[in-house]
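Chain and residue survey
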Amino acid sequence: EPEVTQTPSHQVTQMGQEVILRCVPISNHLYFYWYRQILGQKVEFLVSFYNNEISEKSEIFDDQFSVERPDGSNFTLKIRSTKLEDSAMYFCASRAGQGISGANVLTFGAGSRLTVL
Amino acid sequence: GESVGLHLPTLSVQEGDNSIINCAYSNSASDYFIWYKQESGKGPQFIIDIRSNMDKRQGQRVTVLLNKTVKHLSLQIAATQPGDSAVYFCAENTAGNNRKLIWGLGTSLAVNP
């Protein structure tokens, strides 16, 4: 079964450092998302991406965050200067968007745990 | 503001019993609701969805009920098994192309053998 893959599974970084989290969405999907989940809290929407541009972003997704789809397969989330409160599990998700059954269902990756010290 | 919330943070059931997990939502503009299951250390896994023009949808051992009058969603799991132990999230899926998910807090289901 197709899956969304994320790397790294866990990253520890110092406050102020740049971090890049990588995702490979399902190959025929058109819509891509980043969500985060702080330990013990609910999943929060960060950003959605379609047709090579951001379609929506939340208040959390400030100027320190950026997303990119550099090569048609990877979808990356960059945090420019990490803060302690960025420590969370970051989930990438994708959906087909059209044409098939289940096109609106988001498929999630296993997540990347970010720990900022 | 818009929100999706769960009534019970934890639910403990005996193996073989039926489980019911409830969810309240407040955004009547949405057209689609999804239940996800999250096991420890894993990403959310799709269980079942329902469109707002439906009241009930059944899957394998799971049933989702939607009551738009009181903005209530429930997930019923028949003959609960130890492998069903996880955190269950309801999520509201906004209309339109963006399909952003608005999540509830989650209910932790523990199945006792």
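Coordinates for the structure precede this section.
Residues numbered from 1 in each chain as written. Chains lettered and ligands numbered in written order. Predicted model: local features only at pLDDT ≥ 70, side-chain atom pairs only at ≥ 80, totals over all residues. Heavy atoms only, no water.

Some remarks on the interface of chain B and chain A
Taken together, the contacts link 20 residues of chain B with 19 residues of chain A. Interface area, chain B with chain A, both sides summed: about 1600 Å², of which 53% is carbon and sulfur. Of all the secondary-structure elements, those providing two or more residues to the side of chain B that touches chain A are β4 (32-38), β5 (45-51), β9 (86-93) and β10 (101-103) of chain B. For the side of chain B that touches chain A, the residue count by class is eight nonpolar, seven polar and five charged. (Contact = heavy atoms within 4.5 Å. Buried area = accessible area lost by both parts, 1.4 Å probe. Helix = DSSP H or I, 4+ residues; strand = E, 2+ residues; numbered from the N terminus. Nonpolar A, V, L, I, M, F, W, Y, C, P; charged D, E, K, R; others polar.)

Some words on the pairing of strand β9 (residues 88-95) of chain A
Residues and elements named next belong to chain A. Of all eight residues in β9, eight are buried; the element is thus mostly enclosed. The alternating pattern of β9 places Ala88, Tyr90, Cys92 and Ser94 and Met89, Phe91, Ala93 and Arg95 on opposite faces, both of which are buried. In terms of strand pairing, β9 meets strand β10 (residues 107-108) through two bridges, oriented antiparallel. Note on β10: the bridge partner recorded for Ser94 is Thr107. (Buried < 20%, exposed > 50% of the residue type's maximum accessible area, 1.4 Å probe, protein only. Pairing = 2+ DSSP bridges.)

Description of the sheet that holds strand β1 (residues 5-7) of chain A
Residue and element names in this part refer to chain A. With antiparallel pairing, four strands are arranged side by side in an open sheet as β1-β3-β8-β7. Where the open sheet ends on each side, the last strands, each with one partner, are β1 and β7 (65-68). In this sheet, neighbouring strand axes are inclined to one another by 15° on average, regardless of whether the strands run parallel or antiparallel. Both β7 and strand β8 (residues 75-79) contribute to a ladder of four bridges, which runs antiparallel. Within β8, the position partnered with Val67 by the bridge is Leu77. (Axes fitted to C-alpha atoms, helices over the stretch in contact; angles between N-to-C directions.)

Observations regarding the state of the cysteines
Residues and elements named next belong to chain A. This model, assessed by the stated rule, comprises two disulfides over all chains. In this model, Cys23 is linked to Cys92 through a disulfide, with the two sulfur atoms separated by 1.9 Å. Here Cys23 and Cys92 share a disulfide; its torsion about the S-S bond, -65°, makes the bridge left-handed. Placement of Cys23 in strand β3 (residues 19-24) and of Cys92 in strand β9 is noted, with a sequence separation of 69 residues between them. (Disulfide = S-S within 2.5 Å.)

A look at the packing of aromatic side chains
Within the structure shown, the criterion is met by 16 aromatic pairs over all chains. Relative to A:Tyr35, the ring of A:Tyr33 has its centre 6.3 Å away and its plane inclined at 35°; by these criteria the two rings are tilted. Pairing A:Tyr35 with A:Phe45 gives two aromatic rings, centres 5.6 Å apart and planes at 70°, and the pair type is edge-to-face. Of this pair, A:Tyr35 sits in strand β4 (residues 31-37) while A:Phe45 sits in strand β5 (residues 43-50), and the two are ten residues apart along the sequence. Each member of the pair, A:Tyr35 together with A:Phe45, is buried. Through successive ring pairs, a cluster of aromatic residues spans A:Tyr33, A:Tyr35, A:Phe45, A:Phe91, A:Phe108, B:Tyr36, B:Phe46, B:Phe89 and B:Trp103. (Phe/Tyr/Trp six-rings, centres within 6.5 Å; stacked < 30°, edge-to-face > 60°.)

Digging into the environment of A:Ile26
Residues and elements named next belong to chain A. Its location among the elements puts Ile26 in the loop between β3 and β4. A sequence separation of 60 residues divides Ile26 from Asp86, and the C-alpha atoms of the two residues are 26 Å apart. Residues in contact with Ile26, not counting those within four places in the same chain, are Pro2, Glu3, Val4, Ser94 and Thr107.

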